[in-house]
Every structure is written in C-alpha cells, then in structure tokens.
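Residue strings, one per chain:
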Amino acid sequence: MKTFVLLCLLPLPLWAGAPKKPLPSRYTALHTSSPFTTPAPPVNNIVPVVNPLEDWSLGGVTKFPDGYFVILLNKKKPEEKTIIQPGMHSEFEVLEVQDGGMDYTATTVTLRYGSSQGIVSFDKKMLTVKTPDQGQDKQQNRPPGFPPGLPGRDRGDSNNGAAPRIRTLVPPTVPGGQNAPQLPSRR
C-alpha cells in the first residue's frame, strides 16, 4: 500500500507550472527596515551662503565715543576705498565689531549694506604698501628706495659712466696773509 501511495504522488510535480519571479515590492519592507542598509542621502536644497561684502576688506577700525570709524578697501579695485564715520550718512552701517585683541588682523566688522549684511575682515595682501619705484628698482638692479637720477649700480660702476668730478679745496690762510697753492683732488 505504501508503494501505491508513493507511485500516485510521484506524477504530481510533473503537472506543476514553472516558478514565477517574485515582485520587487515583496522585499521593500526588508530593505527599508534593515539595520545593514544605508538610507538614501537627503536631497540637498541648501543654497550656499554668499557674503555680499566679500569684495571688501578692512583697512582700519577705530573706536570713537559715538561709534566706529571704519576704512573699507575694495579688493577688485584697489584704488577705491570707502570711509564710514560715526554720525555721517553712509551706504554701509556698522552692526558689530569683534576685536582681535593683540592681533589686529583678527578683527572683524559686521556691516549692513542695503538689506543684506556680511562680515568684513583684514586681508594681508591689501595691507602691503607698494611704491611705484619698486618695479623699476628690480629692472635697473638698484637697491630699493634708491633715487633714479643718482649714481647707483645701473652700469656696474659708482659714477654712472660720467667722468670723475675734480674738486678744488680752499687752502687755509698761511700766517702772513698769503694763501697756500691750490691742489686739485680726485674724488
């Protein structure tokens, strides 16, 4: 009898259909609640904050009893500067000054420009003073600050190629009212 039941159950797998692929939504709950999967990164809708005063740097800050005297230097146009004086109308308004202590370059000033506000600080590149003859000194092999018309190291000699100047010394008066003879001297 056992063999008969076994023989009857044997053809059943032959009548079964092919396996079907499961839908992906069947495993969604496993994926989202698993501690081993990382969540999707959040959508970044944060707009980077732009400082409207990034074209300006501090040139100087002084505290007065009625406010702050601030000098602003334009980074893109070095010849342009703006001065904010206490009690005077300006397009800039000083909101707060953070003192840098012993290091004055760490001082920052919070300003309002129209409806926007931003922070301005010292820029060490803007604080260096450049004289117009610094470029010429390098071109002519002169020491810095050496005036252009005077003898220097233009041609490698001390007299700039000119003949030496002969100087005449005034002799002292000799007792008896006569002058000693004049001798030329070379410099």
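What this report covers is the structure whose coordinates are included nearby. Note that the structure is a prediction, hence the values are computed from the model and not measured. In every chain, residue numbers begin from 1 and rise along the written sequence. With pLDDT at 70 or above as the cut-off, local features in this predicted model cover only qualifying residues; side-chain atom pairs require 80 or more to be listed or tallied, and sums for whole chains, interfaces and linings still use all residues. Hydrogen atoms and water are omitted, and side-chain values are computed over all heavy atoms in the structure.

Our focus in this paragraph is the pairing of strand β6 (residues 116-121). Pairing between strands is defined by DSSP: at least two bridges between the two strands are required. In this description a helix means any DSSP run of H or I spanning at least four residues, a strand means any run of E spanning at least two, and both kinds are numbered starting from the N terminus. Looking at chain direction, strand β5 (residues 108-113) and β6 are connected through 6 bridges and run antiparallel. Across the sheet, the residue bridging to Val109 is Val120, located in β6. The turn linking β5 back onto β6 is made up of 2 residues, and Gly114 within it adopts a positive phi angle of 70 degrees.

A separate point is the sheet that holds strand β1 (residues 56-64). One open sheet holds the 3 strands; their spatial order is β1-β2-β3, and the pairing between them is antiparallel. Edge positions in the sheet fall to β1 and β3 (81-84), since each of these pairs with one other strand and no more. The mean angle between the axes of side-by-side strands here comes to 10 degrees, regardless of whether they run parallel or antiparallel. In the sheet, β1 pairs with strand β2 (residues 67-74) via 8 bridges, with the strands oriented antiparallel. Within the sheet, the bridge partner assigned to Val61 lies in β2 and is Val70. Angles shown run from 0 to 180 degrees and are taken between the N-to-C directions of axes, each axis being a line fitted to C-alpha atoms and, for helices, limited to the stretch in contact.

To continue, consider the packing of aromatic side chains. Note on aromatic contacts: the rings of Phe and Tyr and the six-membered ring of Trp form a pair at centre separations within 6.5 Å, being stacked when their planes are under 30 degrees apart, edge-to-face when over 60 apart, and tilted otherwise. Throughout the structure, instances matching the rule amount to 4 aromatic pairs. Considering the side-chain rings of Trp56 and Phe92, the 5.6 Å spacing of their centres and the 75 degrees angle between planes classify their relative orientation as edge-to-face. Linking Trp56 in strand β1 with Phe92 in strand β4 (residues 92-98), this pair joins segments that are 36 residues apart in sequence. By relative accessible area, Trp56 is classed as buried at 12%. Ring geometry for Phe64 and Phe69: centres 6.2 Å apart, planes at 85 degrees, overall edge-to-face. Classification of Phe64 by relative accessible area gives partly exposed; the value is 37%. Take Phe69: its relative accessible area is 22%, and that puts it in the partly exposed class. Members of the aromatic cluster, each reached through a chain of ring pairs, are Trp56, Phe92 and Tyr113. A simple rule labels every residue: compare its accessible area, found with a 1.4 Å probe on the protein chains alone, to the largest value its type can have, and call it buried under 20%, exposed over 50%, or partly exposed in between.

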